[in-house]
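Residue-level structure breakdown
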Amino acid sequence: MDVQGYKWVRWRVWLCRLAALLSLGLLLLVFHWRPRFGVFARCKSCPPALADILLLRDSFGQQHVVEVLTEEMEEGSLELLGQSEDTESRDTVQLYKEEKTLLRYYLFEGLRYVWVDRKGAFCRVSVLNEDWTCNNLHGSQKGLSPLEQSFRRTIYGTNLIDVPVKPYPKLLFEEILNPFYVFQMFSIILWTVDQYYIYAICIFIISVISIGISLYETRKQSITLRNMAQLITTVTIRRKSGEEECVSSVELVPGDCLIIPQEGMLLPCDAALLAGECLVNESMLTGESVPVLKTPLQASDRKYSSDTERRHTLFSGTQLIQAKGGRPGGGGAVAVVTSTGFFTAKGDLVSSILYPQPIDFRFYRDAVKFLLILASVALIGTIYIFVVLYRSNVTWAELVIRSLDIVTIAVPPALPAAITTGTIYAQRRLKQRGIFCISPPRINICGKVSLFCFDKTGTLTEEGLDVWGVLEAGPAGFSELVPEPRLLPPGHLRSGLACCHTVALLRGQLLGDPLELKMVESTGWTLQEPDGDGSVLNAEFGGHKVLAVMRPPDQQAYGASTDEAMAIVQRFPFSSALQRMSVVTVTHGGRSALAFIKGSPEMVASLCQTQTVPAQFSSKLHSFSSEGLRVLAVAYKPLNVNSNLSTIERGEVEKDMHFLGLLMMKNLVKPESAKVINILRKANVRSIMVTGDNVLTAVNVAKTCGMVGSDEKVIFITATPHTAQSMPTLRFSLEEEAALSGQSSVEVITQGLYQGGFVYHLAINGKSFAVLCDHFPEYLPKVLMRATIFARMAPDQKTQLVKELQKLKEGRCSLVTSFSLFRYMALYSLIQFCSVIILYTVKTSVADQQFLYCDILLVTLLAIVMGRGGPSEELYPSRPAASLLALPVLGSLFIHTCMIALGQLAALFITTSEEWYIPLNATEVGTANLPNFENTCVFDISGFQYIIMSVVVTKSYPHKKPLYHNMVFLILLFVQFGVTTWLVLYPGAVFSRLLQLYNISDMNFKLLLVSLAALNFLICFVVEVLIDLGLLNCLRLLRGKRPSKKQYKQLDSLLSDSTSWPPLNQTLTPTDTVLCCS
């Protein structure tokens, strides 16, 4: 984040106050809309260390103004911080010394940033503990003194996720200062001065209701979010004196030693677990309903990170179901607070809701540009009206009012409100299906989605798994396939499958990962956990501290068995980054100790002694994975039983293992997966799979669910990292079964790929993806364009992949509706603009009642119900347009505007050519000339045009249901058409007087006007259909074909035409260049 410092300049501040007074507050309004202008006007630049005000530029390019705050610190606080941190390299907080010791900081999006002297910058306060090692955390078990805690609270702030709930007056003030409402207030004042009271009152009432609903919903959501985010409870902490004290969770600071009760608790902070085990429900953060077993963090010199140590970290907002083994008597656990407030995992989640990523969507950018175009039209109209009225010798007051009035006609104040109606209808339909959206404008963005990323397990496949079989390894290779682990002969493999897990007991019920639950169940072994202080089980197993005991089944049921009960004394939980987990066990009486490891076959095999891995390992793994089976490998090694097994390090356990065998589990593809993927493929929406499973298993699932077609090829990407002996390499190879089919087949397939005869998909695993990003960045965009399977991906790699795909990024129904409403409101303004310009030219005007009829009874009602039509039942291959400044959009608006103007002029000329036509009184101007022939004919034809354009611009097929599904809109169209036709043919004396219309007696003439309106509709409708079919694309041929500015389209075109991509069966190095995109 870029930070610039500014200091107040007193004479500038007073000058700005004077200017604000003279401008009647207009300058303050500008400063409110653009705060940085206020900083430039009232401050001077200075170093951030001395600044009163900071100008921040975030990663999205948006600028923010924040005030630097100071807080007095107690005497000797600096020395206390140095003692408590106990490291020379630790950054300390800069003290701004005048007469007092002050802490300088600012708050931004809930986070506290403090001035760090050695960095010479404002940094997140979490920087003060970012270098904590696991040893530092274990050293914090002694707790903090009240003085240390107070000092840290001064620096870190309170442990509170405080969602701001603004009072109604402040919300009202901010809402009415929105540029849209400022323009609306200007329009209402102008209409009131012009005695256009009814419409001004209507817009005022609508605005008040809209603002009221907006303020109510905003405050309601803020209160709901605050109630969800704010957690204040009583916790027990350990003081430095050794005493335990109950305090409010608000007082917690990083470094506090937290005592967790046996019955668990709702955690108010992030903490590292140091003693005992905790069963945690993390569904609030992850959405996963399966409880997770957290194990103690081991002491070491490595830096602590909550991301890499997730299995040892308790996160704020999660429910601790039970804690055990960390306190005297066997109950409870001990943890050290690592993060508080908005710096916690829950705080980060709440912050993402409060301060979402800004929307950068072309539709919204173009909407602003289009309004500027309408404003330019309004300026031209204002100048024209000014000249016409000035030559007519009207008063200056009338001249100013009429000139400004044209602005409110060309730029409709109701435009933003009308656009949001379509989004509101879409949001309501989504809510009915159980889908909630806290940012409705993002619904429109969904209309341009071009790619879906799917997880495999639980998303494309069923949640549960079934054991498919076991292969035991031995000196002679793999044994015959055994359908269930309980049927295995007695030995280490069966013991390893029974013990290598993190399954826990809660009130007699097994809880844990579904895969592990199914694995334990298949062995037939039973789980027992210690009671009380666990002394009974500890004594049974040689005095070792027992975490759990696995007991073999009844020997009578499964034949003779030499298996014996095994106690788990140490667990190293599964890590996605490590792709494995392990346990340390001891036998009855503590006679021997064994370590078991379970994980991805490739990873487990790499940690085993080479001679213990069967020669058929790769072929068996390939065979099982190709069938879509989930394959796990198991290994073991003996340990010194006399060593301290409860403190043994993971690195010491997970090496030089003895390979035991493979466990295969079947994960069926969901029946609906293939249907959904097929719908997306037909709609030209690309689908990719991102999984932590084996690449061959992922390929099988991709083929089963239709991501990869039966006649489409898969090309595997293999990349090796840089080593002391070799350069990084990159290789593209066809599926192994194709490669094994003979050299001639490979050549045919390769030639077919380059000539476009075969469709291909790329598949890559996590290790190769990391090498690709680090050493072959020039190939990354090309791989992303064609890759469908990303396997063995770590969580951080999944995040990186999504970010990389977004650099290729560009509610279809909602987007189409918003487009239609925007175009309709623009055409409504242009219809009225043309009417006013034409009538002012002939020295008359539109009556207030006529404005009211068109604005309220025609346009407003149509705009409200136009967006009610639901989405189409099927996704269409092409996505809706997102640019309002595209040639088809601007072209259609220009053509329709010309037809509108020609229609009104034709009506006027036909009227003036009639024998009964009586010219206007040339001495009168504006409404004083009403009623007259000119006004009546233009009003009649424009009334039809408002209705006509609502039909012309309302798109239905292919992204929305046909028009007849929107019955309210259809009925309203018929009613309005009938009323308008009646006003043209038989207005009657009452309505003629009310609307100030001239009662023309010539029925043939009135029928001619209706026919003219029908012709206007026919021409506009046909033009719109032709434009939809690509009529205006012929204009692009005149300028020649231009390449797309979008990177992904350039890449797609380049890769499709390439005769050398992908470079099959070639080993590439970082210096090789096969295909350039420049």
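Along each chain, numbering runs from 1 in the same order as the chain's sequence is written. A pLDDT threshold of at least 70 governs which residues receive local features in this predicted model, and a stricter bar of 80 or more applies before side-chain atom pairs are shown or counted, although totals over entire chains, interfaces and linings include all residues. Water and hydrogen atoms play no part in the side-chain values, which are based on all heavy atoms of the structure.

The subject of this paragraph is the pairing of strand 4 (residues 63–67). Sheet analysis places strand 3 (residues 53–57) next to strand 4, joined by five bridges and oriented antiparallel. Pairing of R57 across the sheet is with Q63, part of strand 4. Pairs of strands are assigned from DSSP output, requiring at least two bridges between the strands. Helix and strand definitions here come from DSSP, where helices need a minimum of 4 consecutive H or I residues and strands a minimum of 2 consecutive E residues; each element is numbered from the N-terminal end.

Residue-level confidence of the predictor is summarised by pLDDT, bounded by 0 at the bottom and 100 at the top. Mean pLDDT over the chain stands at 81; residues scoring 70 or higher make up 85%. Any pair of residues with heavy atoms lying within 4.5 Å of one another is described as a contacting pair. Confidence over residues 79–99 falls short of pLDDT 50; this stretch has 43 contacts with residues more than four positions distant or in other chains. For residues 1073–1078, every residue scores under 50 in pLDDT, and the model assigns this stretch 14 contacts once sequence neighbours within four places are set aside.

Stacked, tilted and edge-to-face pairs are distinguished by plane angle, under 30 degrees for stacked and over 60 for edge-to-face with tilted covering the rest, among Phe, Tyr and Trp rings (Trp via its six-membered ring) whose centres lie within 6.5 Å. Under the defined criterion, the tally for this structure stands at 24 aromatic pairs. Relative to Y636, the ring of F596 lies with its centre 6.5 Å away and its plane at 35 degrees, an arrangement referred to as tilted. Of this pair, F596 sits in strand 29 (residues 593–599) while Y636 sits in strand 30 (residues 629–639); the two residues are 40 residues apart in sequence, bridging distant segments of the chain. Three exposure classes are used, based on accessible area relative to the maximum for each residue type with a 1.4 Å probe and protein chains only: buried under 20%, partly exposed in between, and exposed over 50%. On the accessibility criterion, Y636 (16% relative accessible area) is buried. Aromatic side chains Y917 and F933 sit 6.0 Å apart centroid to centroid with 55 degrees between the ring planes, which places their arrangement in the tilted category. Of this pair, Y917 sits in the loop between helix 33 (887–912) and helix 34 (933–953) while F933 sits in helix 34; the two residues are 16 residues apart in sequence, bridging distant segments of the chain. Each member of the pair, Y917 as well as F933, is classed as buried. An aromatic cluster is built from W916, Y917, F933, Y998 and F1005, whose rings are joined through pairwise contacts. Sitting over a ring, as applied to charges here, requires NZ of Lys or CZ of Arg to be within 6 Å of the ring centre and within 35 degrees of the ring normal. One Lys or Arg, R112, reaches over the ring of Y105 and ends 4.2 Å from the middle of that ring. Directly above the ring of Y779 sits K782, whose terminal nitrogen or CZ lies 4.8 Å from the centroid.

Moving on: a nonpolar patch on the surface. What goes into a patch is any residue over 30% in relative accessible area without a salt bridge, connected to like charges within 9 Å or, for nonpolar side chains (Val, Leu, Ile, Met, Phe, Trp, Tyr), within 5 Å. Surface accessibility in these figures is a Shrake-Rupley result with a 1.4 Å probe; residues are shielded only by whichever protein chains are displayed. Any Lys or Arg side-chain nitrogen located within 4 Å of an Asp or Glu carboxyl oxygen qualifies as a salt bridge. Judged by side-chain polarity, L1015, F1017, L1018, I1019, F1021, V1022, V1025, L1026, L1029 and L1031 come together as a nonpolar surface patch covering roughly 840 Å² of accessible area. Take I1019: it is sitting in helix 37 (residues 1003–1028). Among the residues examined, I1019 registers a relative accessible area of 33% and is labelled partly exposed.

In this section: the environment of A272. Mapped onto the elements, A272 comes out in strand 14 (residues 270–275). Given a relative accessible area of 0%, A272 falls into the buried group. Sequence separation of A272 and A335 is 63 residues, and the distance between their C-alpha atoms is 5.3 Å. For A272, the residues in contact, after removing those within four places along its chain, are L137, L297, Y304, H312, V334, A335, V336 and T338.

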